[in-house]
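# Architecture at a glance
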Amino acid sequence: METSKEELDLMGEGSICRQFFLSVINTQKDLIVLMHNHIPIIFNKAFLDFANVDSAKGFLREFGSLQNRFIPHDSYFHAGKVQNIDEWSTSLIELPENDRIVSMLNYRIEPYAFSVMVATPADEYTILTFSDISQDLIKRIMIENDTSIDKESGAYEKNYFIHTLKSFRDAAIFNQKFVAITIIKLIDSDSDVKKNLNDFASQIKSNVRQSDMLVRWGEKSFLLAYLIDKPENVHHIAQKLRQKLLYTIRLGTAVQKDKEQIQQLIMDAEKILKESSGI
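The structure reproduced in this document is the subject of the present report. Here the structure is a predicted model, which is why all the values come from computation and not from measurement.

## A few points about the overall build of the protein
- A count of helices and strands for the protein gives 11 helices and 9 strands.
- In the protein, of all internal contacts separated by at least 6 residues, the share reaching a separation of at least 24 is 57%.
- When the accessible area of the protein is evaluated, it comes to approximately 16,200 Å², of which 51% is carbon and sulfur surface.

## What about the sheet that holds strand 8 (residues 221–228)?
- An order of 7-8-6-9 is seen for the 4 strands of this open sheet, with the pairing classed as antiparallel. The open sheet has two edge strands, strand 7 (213–216) and strand 9 (249–255), and neither has a second partner. On average, each strand axis in the sheet is tilted by 20° relative to the strand beside it, whichever way the strands run.
- Packing against the sheet, helix 10 (residues 234–244) makes contact with strand 6 (178–186), strand 8 and strand 9, and its axis sits at approximately 165° to strand 9.
- Here helix 11 (residues 262–275) sits on the sheet in contact with strand 6, strand 8 and strand 9, set at roughly 145° to strand 9.

## Some points on the side chain of Ser131
- As for its position among the elements, Ser131 is in strand 5 (residues 125–132).
- Its relative accessible area of 18% is what places Ser131 among the buried residues.
- When neighbours within four sequence positions are excluded, Ser131 is seen to be in contact with Asp30, Ala113, Phe114 and Ser115.

## Re helix 10
- For helix 10, every residue scored as buried is listed here: Val234, Ala238 and Leu241. What you see down the axis of helix 10 is that its buried residues fit within an arc of 65°, all on one side. Facing away from the buried side of helix 10, by more than 90 degrees, are the exposed residues His235, His236 and Gln243.

## Comments concerning the pairing of strand 4 (residues 111–122)
- Bridge count for strand 3 (residues 101–105) against strand 4 is 5 bridges, and the pairing is antiparallel. When the bridges of strand 4 are listed, Met104 appears paired with Tyr112.
- The sheet contact formed by strand 4 and strand 5 spans 7 bridges and is antiparallel. In the sheet register, Ala119 faces strand 5, and the bridge partner there is Ile127.
- Connecting strand 4 to the next strand, strand 5, in antiparallel fashion are 2 residues, including Glu124 with a positive phi near 75°.

## Comments concerning the packing of aromatic side chains
- In total, this model carries 17 aromatic pairs according to the counting rule given.
- Ring geometry for Phe47 versus Phe130: centroids 5.7 Å apart, planes at 85°, classification edge-to-face. Of this pair, Phe47 sits in helix 3 (residues 45–51) while Phe130 sits in strand 5; the two residues are 83 residues apart in sequence, bridging distant segments of the chain. Like Phe130, Phe47 is buried.

## Overview of the nonpolar core
- Judged by nonpolar contacts, the single largest core of 25 residues is most densely connected at Leu66, Trp88, Leu128 and Phe130.
- Of all the secondary structure elements, the ones that give two or more residues to this core are strand 1 (31–36), helix 3, helix 4 (56–63), helix 5 (88–94), strand 3, strand 4 and strand 5.
- Per element, the largest residue contribution to this core is 5 residues, and it comes from helix 3.
- Ignoring anything within four residues of it in the chain, the contact list for Leu128 reads Leu31, Ile32, Val33, Met35, Leu66, Trp88, Leu92, Val116, Met117 and Val118.
- Membership of the second largest hydrophobic core comes to 22 residues, among which are Ile184, Leu224, Ala238 and Tyr247.

## So, the sheet that holds strand 4
- Taken together, the 5 strands give an open sheet; going across it, the order is 2-1-5-4-3, and neighbouring strands pair in antiparallel fashion. Looking at strand neighbours, the two that pair on one side only are strand 2 (39–43) and strand 3, the edges of this open sheet. Each neighbouring strand pair of the sheet contributes to a mean axis angle of 40°, computed without reference to strand direction.
- Contacts between helix 2 (residues 16–25) and the sheet are confined to strand 1, strand 2 and strand 5, with strand 2 contributing the most and set at about 70° to the helix.

## Section: helix 8 (residues 165–174)
- Those residues of helix 8 that fall on the buried side of the exposure criterion are Leu165, Phe168 and Ala172. Taken end-on, helix 8 shows its buried residues confined to a sector of 70°, consistent with a single buried face.
- Positive phi shows up at Gln176, right after helix 8, with a value of about 55°.

About the cut-offs
Residues numbered from 1 in each chain as written. Predicted model: local features only at pLDDT ≥ 70, side-chain atom pairs only at ≥ 80, totals over all residues. Heavy atoms only, no water. Helix = DSSP H or I, 4+ residues; strand = E, 2+ residues; numbered from the N terminus. Contact = heavy atoms within 4.5 Å. Areas by Shrake-Rupley, 256 points an atom, 1.4 Å probe, with all protein chains shown as cover. Pairing = 2+ DSSP bridges. Axes fitted to C-alpha atoms, helices over the stretch in contact; angles between N-to-C directions. Buried < 20%, exposed > 50% of the residue type's maximum accessible area, 1.4 Å probe, protein only. Arc of directions from axis to C-beta. Phe/Tyr/Trp six-rings, centres within 6.5 Å; stacked < 30°, edge-to-face > 60°. Core = buried A, V, L, I, M, F, W, Y, C linked by side-chain atoms within 4.5 Å.

Pasting the structure below:
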């Protein structure tokens, strides 16, 4: 069925309907696109920022069809899984909700995973909403693969923490708090380390909050990641650990400044630990 001129003008440049639609979708953090006959005609600001383009025309000029941005991996929906490439969005719509997952690269070539919600408000029009599930997917995959917990100590595994840094940083921003990193090194003979590791980790966990993350960081070291209201509060944490733990330890602590990246905090804490005299 052909679309009339009146229908096209409804969402055309400068139309009232288009302005109203944009005013709503531009308030959303999810990536949203309005499709007409499987072709994108409007992206919200979050999607334009993700792709680093200024309009739907700019996107099509730069990348071609939207499905070209979907990473061709078996775990996700992509163009290689559809029979009629010109009607790829129909294939996406027909999938069960749990299978509507795509992966796309942002303009920095960083991979993200999205669940896709579909709405069909009118004939030939489709609204796709891409919700970022990257961190949830990483957590689920690593938990399913039993790679989230270090078996020797019972603390989180290092790779799990590294893959979920973004969630921890986002939590700090949302709660308007600072991220603090304390690296705790066990000063013990090599022969006793393995024997005492689980008890050492248990003692740390019993003296911190449930929301704090204890990570096996090295042969004799752990990383504690936590949120604080004020930077000076880290001194209370360090004092408590020294008083409560029945082991000789060394500490290196760094506190976030101006939404600093957690990777930098870890480097700072490791440097302070190295320079520590081990009181």
